Each structure stands twice: as C-alpha cells, then as structure tokens.
There are 2 protein chains.
Amino acid sequence: MMPLSENSGPAVIAAVIGLGSMGMGMALSMKRKGLDVVGYDITPGAVDRFVAEGGRGAASPADAAADADIVVSVVVNGAQTESVLFGPQGIAATMKADAVFISSATMDPAVARNLAERAEALGLHYLDAPISGGAAKAARGELTIMASGSRKAFETARPALDAMAGKVYELGNAAGTGAAFKMINQLLAGVHIAAACEAITFAAKQGLDLDKVYEVITASAGNSWMFENRVPHILAGDYAPLSSIEIFVKDLGIVQDMARSERYPTPLAAAALQMYLAAAGAGMGRDDDSSLARLYAKLSGAELPGSAKEPQSL
Amino acid sequence: MMPLSENSGPAVIAAVIGLGSMGMGMALSMKRKGLDVVGYDITPGAVDRFVAEGGRGAASPADAAADADIVVSVVVNGAQTESVLFGPQGIAATMKADAVFISSATMDPAVARNLAERAEALGLHYLDAPISGGAAKAARGELTIMASGSRKAFETARPALDAMAGKVYELGNAAGTGAAFKMINQLLAGVHIAAACEAITFAAKQGLDLDKVYEVITASAGNSWMFENRVPHILAGDYAPLSSIEIFVKDLGIVQDMARSERYPTPLAAAALQMYLAAAGAGMGRDDDSSLARLYAKLSGAELPGSAKEPQSL
C-alpha cells in the first residue's frame, strides 16, 4: 500500500544516511508521518533493523539517494559529511536536480559553508541543520533543529523538518549559521558538564551528602541544564553511555579550531577539553560524559557512589 | 507601640550587623514580621536609612548586640565575621548567654568551624547560614539559606530564619556544612557566568544575532541559571552592578584556597578565576560580573551591544 503524504499526492521520498541512535529515530519519525523513507548505514545490521521496522534499505549512499527528494545526513562530523557528498562514491553528482541535502552533523561553520557552496554549484539545495535533543526525542520526532539555508532549501526540506522536529529555529539564509549556533551550545554544554563533575566530586571530597547537594544546587543559582541532567548518573554510579566523552573531545575540539582561527580566546572551553582528553586517555572515551566525575575522583581520592565500577584502566 | 511577636509575648530582639543591600533587606523583613530589630553598619548613612524605615540604630556592633536574642551578621567575608565576633570591639564576650550568632557571609568551611567552636566555648550558639538569592529576595524575606548548626542554634534562630527566608535547607548539626554547600554553589555560579560571557561574545565575534542566540540557548541543553540571568545585561549593554566582578574574585579565591588545601584540582574554577582577576585588573572590579563579556570582547575585537559604554580604563 502506498503511504499518503499530507497533500495526498505521491509520497515524498526521503533518504537517511546514517542509522545510529539519532538517524534511526529520525528515519522512523519520517516514516510515521507518511514519507517514503530509504535508509543506509555503513553497518549492515543497522539497515536490517530499519527494514525490520518496515523501512526500505539501500546498499550504498548513492543507492539510497538516487530517487530522493530529501537526503538527511546523520553522520558523525564534517569529514564524514564531505565524504557522503563528494567522496569516491559521493552522492552529490547523482542526486536528483532540485533535491535538498539536510546536514545534521555538528561541524565547523566554515566547513558547512564550503559544503553548501559546492553542493549548490551542482544544482542541489543545502540545509545546514544541526540537531539537539538526544535519541529519545529523535525517536519521538521532537528534536530541536538549528537550521539555516536558502528559502528553496527550507521549502524542499519542510516535510522532513516537520516530521523530525518539535522546534525548528530558522536562523537565516546562509549555511554555516546553524552550525555556529550549535557550536555555541556545545561550548556551553561541554563546560557545564565539566563544571558539574568538578563541583559534585569536590562535594564528595568534603564528605557532603551528595543527594542533598543535588537538591540544593538544582534549586539555586548554580544550576545548569547539564548539572540537572548528568549528576543523577553520578549519584547512581551508572556510566553507561547516553552521550560519550568522545562526543565532547570532538565538539570542544571544533570549538578550539574555530576559536584559534578567529583569534578568540576560550579559557573555559580549553580547560574543559583537557579534562575530556584526560578521561578519554584514561580509557573512558566510550563511557558516559559524566565519567569526568570519575576522573576528578581518581585525581583527588574522592569517593563517589558505585566507584567499585570504575573501568579496568584506572 | 510594642510590636507583637507571634506568640504575643515580648518581641524577640534581633541585631543585624551589616546593612548593605542584603543586610538591609533582611533587617526590614524581620521588622515586618514583628521582631524588634536593631541595626549597625560601619557606614553611618546606612544606619540612618534603617532608622528612617522605623528600625532602631546602634553606634557599635556591641551596642546592637547587647540585648539581642539573635545576631545576624551580614558582612563580606570570614575575616570581617571574625572581627565582629572576636576583634578589639568584638561582640562575643558581651552577647547574652544562650543567644545565637547567625553568620551569613560566604567563607571557607574551615573558618566557619573555627568561629563556631570559639563562640560555643563562650556559651553562645552559632548558626552557619550562608544566603543565596540577591537583594530583591532579601527585601521580600524570600532568601534561600543553607544552614548547619546545633539543634539549639536552629531553635533560637528560628524567628529570624522564618522572617528572612523562603527556603531554609537544614544541612546538619555541624558548622561548616552550610559554608561548604555555598562554596559548591559559588564554584558553579562563577564558572557558569564566565562560560556565558565566553560563549555570547564568541557568538558576537562570529556576527550571530545575539537575541536569537539567547532565545535558542535558553531553550537548549547549553542553558544555565546564570546564562539566563546575566546575558540580558550584556544584550542591554548595561553593566551597572547587581553583583560585582569582585564578588567572584573573592568567592572563587576561597574555592581555590579550599581546593589547594584539600589537594583537589579545579581546572574550570581556576580558569574562571583568572578571567575575573583580569576583569578586575582592567578596572571593572566594581562593575556587574557580566563585564567578563566586555573583557572577552576587548581581547578579541568582538563587538557587543552598547560597547561605547566601556569603562575609561579599557
């Protein structure tokens, strides 16, 4: 049976490149809203899971994108995005004329501008559209999207944006602005996680009641979205990765590259990045980013809940 | 006319030492709730203002404290608190037996423990009770108080706490715990203000629409209580001090002293302190703490709203 799009014409065809925890949720959200969704991932098992949920699978990015009106790229970084578009088997040369490429990876705004320029030179539309919200919101079609691009890129992307997002910020007509907003958010998020881990482990070092510290701080001027969200992992001694240390090694690395290029000093973000690097170097790169607390504990002898679960490497 | 306390007996007498923006509000809140309040400040004008509002003035701390059941000390730091209690004209020797000394200044927990021990040796009760919430909440009797001390200290202090606070956290029976909670909050608050200034000025450097950045970040995972509260000062170009740079020179200085003594590394708080020191050194010590944004702008050439108002010294 043919799924119906909202205007009852033929269904919009959307390709999703990258079916990780974010991409899978975004693909299924679009399918639920009546788009005809084709998925590709470098890991065949991910494609199989999408097919088991009723999606269409593809054997390559070019295969997925061949008939697509919309391609949503949900890969890890700018380099992978460039490879999807312009690599040896890149899709930019074979995408349909007037189709839109929606780029969701977090990247340097200068990279986003470069990719958009090259894609537009081939007659494609490019939407710079980093995402925020995590896997649970991706699955529910409730992501926040920080988007910039031409009017035509927004128009063509609209059915996908409506299906994937609870909130779309329209940040202007030039690629790079969406990426820049996302990097400002990542600077703050990365610093706040590090500050939360520094503070809660300092409280542990002083023997304070950590549940009480959480109660008092979340009701005080020292609170942050990240303190409120991550400290419960530490109180539970549960470092199973919801978002890993390596994500902020990457994202604060991009912040540092941008800042160096702009001649802009970022002492807070730089200090935080050193802590993520130390945690990754100590073997916790794939653990939850709240593992910075375990690093502070190891460096100071502080005792955290469940510290018996510390990784082998420490 | 004799003000009536809640049990219609003779009014509880409370002395307030330090009638700054916090102490004045606390004194008036207690008066409003029927306590008989005597105020002292090193600046005679502050005492005059309190008397004009119907309070009783005193010529010295000892004069203010002589008949008090409760003394509330709202001075700047641990050294001033020690001077109020044990200095050349200190009140500890002349306070009524069984009266309680409520210490509100932010200080090293070790200093709080030492002061409590010496006060208790003289038969006084000591409540370690740092405050949070700002001048507006002080005036409305809606402060948050992070308190620790003996059962008798809490009991005796109760009428004052009820009058001054919207929320009293009771954090245990030992002085020092309240101070320690406050320092954890100040570590986070100081880092978050610096991060907010680093991020919003980085956005300015990239030419982003700062009002839009504020809208997006306050709805995203990068948000903090301080970002939400302080960035509007920057967007308005208004650095009139609600809380000054020097407050965090002091408070992150205490964090560093504690951390050094505990052998606990605090790279985030240390980086933030350097920025507050640089802002103070550049002549902005008495300006609003959001002035860190002006420092980042000066260091990078970024343009912030109202930057024509930058201080002479820059």
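Residues numbered from 1 in each chain as written. Chains lettered and ligands numbered in written order. Predicted model: local features only at pLDDT ≥ 70, side-chain atom pairs only at ≥ 80, totals over all residues. Heavy atoms only, no water.

**Q** Outline the domain arrangement of chain A, listing residues and values.
**A** Residues and elements named next belong to chain A. Per the domain assignment, the segments making up chain A are domain 1 (13–174) and domain 2 (180–302). Summarising the inter-unit geometry, the C-alpha centres of domain 1 and domain 2 are found 29 Å apart. Counting from both sides, the interface comprises ten residues of domain 1 and, opposite them, ten residues of domain 2. Here domain 1 and domain 2 share an interface that buries about 870 Å² over both sides, 71% of which is from carbon and sulfur atoms. Counting the surface domain 1 buries against domain 2, the share from its top three residues, Thr 106, Pro 109 and Met 146, is 49%. Taken together, the links from domain 1 to domain 2 amount to zero salt bridges. On the surface where domain 1 and domain 2 come into contact, there are three residue pairs in polar contact (both at pLDDT 80 or more). Tallied by class, residues from the side of domain 1 that touches domain 2 come to seven nonpolar, two polar and one charged. (Domains from an automatic or database assignment. Contact = heavy atoms within 4.5 Å. Buried area = accessible area lost by both parts, 1.4 Å probe. Salt bridge = Lys/Arg side-chain N within 4 Å of Asp/Glu carboxyl O. Polar contact = N/O pair within 3.5 Å; in protein donor to acceptor, adjacent residues only side chain to side chain. Nonpolar A, V, L, I, M, F, W, Y, C, P; charged D, E, K, R; others polar.)

**Q** Mind laying out the sheet that holds strand 1 (residues 13–17) of chain A, listing which residues take part and the relevant values?
**A** Backbone hydrogen bonds hold the strands of a sheet together, and the pairing may be parallel or antiparallel. Residues and elements named next belong to chain A. The six strands are arranged 3-2-1-4-5-6 in an open sheet whose pairing can be described as parallel. On the outer flanks of this sheet lie strand 3 (56–57) and strand 6 (125–128), each paired with one strand and no other. Both strand 4 (residues 70–73) and strand 5 (residues 100–103) contribute to a ladder of four bridges, which runs parallel. Across the sheet, Val 72 pairs through a bridge with Ile 102, a residue of strand 5. Lying over the sheet, helix 4 (residues 78–86) contacts strand 1, strand 4, strand 5 and strand 6, oriented at roughly 165° with respect to strand 5. (Pairing = 2+ DSSP bridges. Helix = DSSP H or I, 4+ residues; strand = E, 2+ residues; numbered from the N terminus. Axes fitted to C-alpha atoms, helices over the stretch in contact; angles between N-to-C directions.)

**Q** Lay out the interface of chain B and chain A with the relevant residues and their values.
**A** Contacts between the two partners involve 59 residues from chain B, matched on the other side by 59 residues from chain A. A buried area of about 5,100 Å², summed over both sides, lies between chain B and chain A, and 73% of it is on carbon and sulfur atoms. The largest contributions to the chain B side of the interface with chain A come from Phe 202, Tyr 264 and Leu 268 of chain B, which together make up 15% of the buried area. Inspection of the chain B/chain A interface yields zero salt bridges. Taken together, the links from chain B to chain A amount to 16 residue pairs in polar contact (both at pLDDT 80 or more). Sorting the residues of the side of chain B that touches chain A by element identifies strand 9 (165–170), helix 8 (177–205), helix 9 (210–218), helix 10 (225–235), helix 11 (245–262), helix 12 (267–284) and helix 13 (292–300) of chain B as the ones contributing at least two each. Residue contributions to the side of chain B that touches chain A peak at 20 residues, all from helix 8 of chain B. Residues of the side of chain B that touches chain A, tallied by class, amount to 40 nonpolar, eleven polar and eight charged.

**Q** Summarise the relation of the copies chain B and chain A; cite the residues concerned and give the values.
**A** For these two chains of identical sequence, chain B goes onto chain A by a turn of 180° and a shift of 0.0 Å along the axis, with RMSD 0.0 Å. Between the two chains, the operation in question is that of a two-fold axis. In terms of C-alpha distance to the rotation axis, chain B has Ser 224 of chain B as its closest residue, with the C-alpha 1.9 Å off the axis. Same-surface contact between copies: 100% of interface residues of chain B are shared with the interface of chain A. (Least-squares fit on C-alpha atoms with pLDDT ≥ 70 in both.)

**Q** Which residues make up the pattern of salt bridges, and what values go with them?
**A** Residues and elements named next belong to chain A. All told, the structure shown has 22 salt bridges over all chains when counted by the stated rule. A salt bridge links Asp 251 to Lys 250; the shortest N-O distance between them is 2.6 Å. Looking at Asp 251, the relative accessible area reads 2%, which means it is buried. (Buried < 20%, exposed > 50% of the residue type's maximum accessible area, 1.4 Å probe, protein only.)

**Q** Pulling in residues and values, what's your account of the environment of Val 231 of chain B?
**A** All names here are of chain B. Considering the arrangement of structural elements, one finds Val 231 in helix 10. The buried category is assigned to Val 231, whose relative accessible area is 0%. Leave out the neighbours within four places in its chain, and Val 231 touches Ala 196, Ile 200, Tyr 214 and Met 226.

**Q** Now, about the packing of aromatic side chains: what can you tell me, with residues and values included?
**A** In the structure shown here, the tally under the stated rule is ten aromatic pairs over all chains. Ring centres of Tyr 264 of chain A and Phe 202 of chain B lie 4.8 Å apart, and the angle between their planes is 25°; on these two criteria the pair is classed as stacked. Taken together, the residues span two chains, with Tyr 264 of chain A in the loop between helix 11 (245–262) and helix 12 (267–284) and Phe 202 of chain B in helix 8. Across the pair, exposure class does not vary: Tyr 264 of chain A and Phe 202 of chain B are buried alike. Cluster of aromatic residues (ring-pair linked, three or more members): Phe 202 and Tyr 296 of chain A together with Tyr 264 of chain B. We note Arg 294 of chain A situated over the ring of Tyr 239 of chain A; from NZ or CZ to the ring centre the distance is 4.2 Å. (Phe/Tyr/Trp six-rings, centres within 6.5 Å; stacked < 30°, edge-to-face > 60°. Lys NZ or Arg CZ within 6 Å of the ring centre and 35° of its normal.)

**Q** Break down the sheet that holds strand 8 (residues 143–147) of chain A for me, citing the residues and quoting the values.
**A** On the basis of which strands lie adjacent, the open sheet formed by three strands has the order 7-8-9 (chain A) and mixed pairing. Two strands bound the open sheet, and with one partner strand each, they are strand 7 (131–132) and strand 9 (165–170) of chain A.

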